[in-house]
Amino acid sequence: MTSLSTTPAALVLEDGRIFRGHAWGATGQALGEAVFSTGMTGYQETITDPSYAGQIVIQTAPHIGNTGTNTTDDESRRIWVEGYAVRDASRVASNWRSEKPLDQLLVEQGIVSICDIDTRAATRHLRDKGAMKAGIFSGDALNGVTDAELVKTVGEQPSMAGRQLAETVSVDQTYVVEPSDHGWESEPRFEVVAVDLGIKAMTPQRMAESGLRVHVVPADTSWEQIQEINPDGVFMSNGPGDPQTAQRQIQVLQAVLRSKTPFFGICFGNQMLGRALGFATYKLPFGHRGINQPVMDRRTGRVEITAQNHGFAVDAPLEGPVTAPVAEFGRVEVSHVGLNDDVVEGLACLDIPAFSVQYHPEAAAGPHDAAYLFDRFVDLMQDPAQNQTEATN
């Protein structure tokens, strides 16, 4: 395929590996953690997912940009990836829903990107060495700069471990997603507070489709502010950064758990539940990102193909139930496990109404195998004792 650009660009990894290609989107310098995403579709949803803040995404699918972009498929108010790397950037956007080419959107939002690199080789390198600091350089940021200087610039940026990012991507003001706006014709079934740690737009929409009125609140919302809404349930979303830094959210969640208010968390919210219960979290070598991750629901024996985007995981015993390290919250078990590497993919509390999963049941884009989890949240608000009942079945 003929390149869209002749301007040289380089993807530089902290260990000195350099992939040379051409500038795509904006030119300049982008620094972040290099990760790869295995999704064959959904590139627009990927780059607008706030969980990718602080990261340079390498897309393993070889052709990117084929269907253009549109405002409907955005998962948040802007692109959040720090930089974007692809093999073949489509010269033509061909889809009836397309409103503008992907490269134009990248330019408009200042996202420094690179095309014409061997993304398969880059992915294999990260699979062997792990996610690492990286940078994309083009234009004046590349001209006349030595490779050693580029590697030095990459290495001097902060690591993802220890970074607190949820507040940087969260909304500033509370907003409400009404069930009536998403096909629900009866009165709302329950009121839910969704703490935005980097929420994707499809998540409150899926809850609204189930009859829930969703109050999406900023990441720094206190327990007292949540109580003023008087919710039937509390939800914590996906988001970027190291869960160990989210002490404010962990303390809020512990107050939620003590109040016996039904709780559901996904992705970063799963890590919040783990830490609120007293478990540690740790950084995965290269994380799980894409829409084809197999997960076993241990309660049903069912295997789900899931959409995921996380670089950290909960360190909890796979064999349970066990008493939570914070003993006041009672028993907990690992409800879901990743089949590729036995990573904890879900937690279920047995003595309080709380559960979480590490993946994205809203799956935009992606499979819908896990859509039932929104119904499970509704069921939990109807009968907070159902966790104990399910555990004995």
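Refer to the preceding data block for the structure.
A.B. asks: Which parts of the structure should I look at to understand the state of the cysteines?
C.D. replies: A disulfide bridge is the covalent bond that connects two cysteines by way of their sulfur atoms. This structure, assessed with the given rule, holds 0 disulfides. Here C267 is not cross-linked by a disulfide; its sulfur's nearest cysteine counterpart is in C349, at 18 Å. Using a relative accessible area of 1% as the deciding quantity, one classes C267 as buried.

A.B. asks: Help me understand the side chain of Q293, please; the structure alone is not making it clear to me.
C.D. replies: As for its placement among the helices and strands, Q293 is situated in strand β15 (residues 280-297). Not counting residues up to four positions away in its chain, the partners in contact with Q293 are T38, H288, E304, I305, T306, Q308 and N340.

A.B. asks: What should I look at first to understand the packing of aromatic side chains in this one?
C.D. replies: The description of an aromatic ring pair rests on the distance of the ring centres and on the angle between the ring planes. Counted according to the given criterion, the structure contains 6 aromatic pairs. Judged by centre distance (6.1 Å) and plane angle (80°), the rings of F264 and F374 are edge-to-face. With F264 in strand β14 (residues 263-266) and F374 in helix α10 (residues 372-382), the pair connects residues that are 110 residues apart, well separated along the chain. Chaining the aromatic ring pairs together yields one cluster made of F235, F264, F355, F374 and F377. Positioned above the aromatic ring of W80, the side-chain terminus of R78 is 3.9 Å from the ring centre.

A.B. asks: I tried to follow the sheet that holds strand β4 (residues 55-59) on my own but got confused; where do I start?
C.D. replies: Picture the strands of a sheet paired through backbone hydrogen bonds; they go either parallel or antiparallel. Strand order in the closed barrel made by the 7 strands is β1-β2-β8-β6-β4-β3-β9, with mixed pairing throughout. Geometrically, the sheet is characterised by an average inter-axis angle of 35° between neighbouring strands, direction not taken into account. Pairing geometry for strand β1 (residues 8-13) and strand β9 (residues 132-138), over 5 bridges, is antiparallel. Along β9, the bridge assignment pairs A10 with F137.

A.B. asks: Got a minute to help me understand the nonpolar core in this structure?
C.D. replies: The nonpolar side chains of a soluble globular protein tend to be buried, and buried together. The biggest cluster of nonpolar side chains holds 35 residues, and the ones touching the most others in it are L253, L257, F263, L273 and L277. Broken down by secondary-structure element, the contributors of at least two residues to this core are β11 (190-195), α7 (223-229), β13 (233-236), α8 (247-258), α9 (268-276), β18 (331-338) and β19 (344-349). Here this core takes 6 residues from α8, the largest share from any one element. Membership of the second largest hydrophobic core comes to 24 residues, among which are F190, I199, V295 and F355.

A.B. asks: Before we go on, may I ask you to explain a nonpolar patch on the surface in this structure?
C.D. replies: A contiguous nonpolar surface patch, about 220 Å² in accessible area, is contributed by V303, I305 and L339. Since its relative accessible area comes to 41%, L339 is described here as partly exposed.

A.B. asks: I keep staring at the pairing of strand β8 (residues 112-115) and nothing clicks. Help me out?
C.D. replies: For a regular strand, side chains alternate in direction, first toward one face of the sheet and then toward the other. Side-chain alternation along β8 places V112 and I114 on one buried face and S113 and C115 on a second face that is also buried. Here 4 bridges tie strand β2 (residues 18-25) to β8, and the two strands are oriented antiparallel to one another. Within the sheet, the bridge partner assigned to A23 lies in β8 and is I114. Summarising the sheet, strand β6 (residues 83-85) and β8 pair through 3 bridges and their orientation is parallel. Residue pairing for β8: Y84 is matched across the bridge by S113.

Criteria and thresholds
Residues numbered from 1 in each chain as written. Predicted model: local features only at pLDDT ≥ 70, side-chain atom pairs only at ≥ 80, totals over all residues. Heavy atoms only, no water. Disulfide = S-S within 2.5 Å. Buried < 20%, exposed > 50% of the residue type's maximum accessible area, 1.4 Å probe, protein only. Helix = DSSP H or I, 4+ residues; strand = E, 2+ residues; numbered from the N terminus. Contact = heavy atoms within 4.5 Å. Phe/Tyr/Trp six-rings, centres within 6.5 Å; stacked < 30°, edge-to-face > 60°. Lys NZ or Arg CZ within 6 Å of the ring centre and 35° of its normal. Pairing = 2+ DSSP bridges. Axes fitted to C-alpha atoms, helices over the stretch in contact; angles between N-to-C directions. Core = buried A, V, L, I, M, F, W, Y, C linked by side-chain atoms within 4.5 Å. Patch = residues over 30% accessible without salt bridge, like charges linked within 9 Å, V, L, I, M, F, W, Y side chains within 5 Å. Areas by Shrake-Rupley, 256 points an atom, 1.4 Å probe, with all protein chains shown as cover. Salt bridge = Lys/Arg side-chain N within 4 Å of Asp/Glu carboxyl O.

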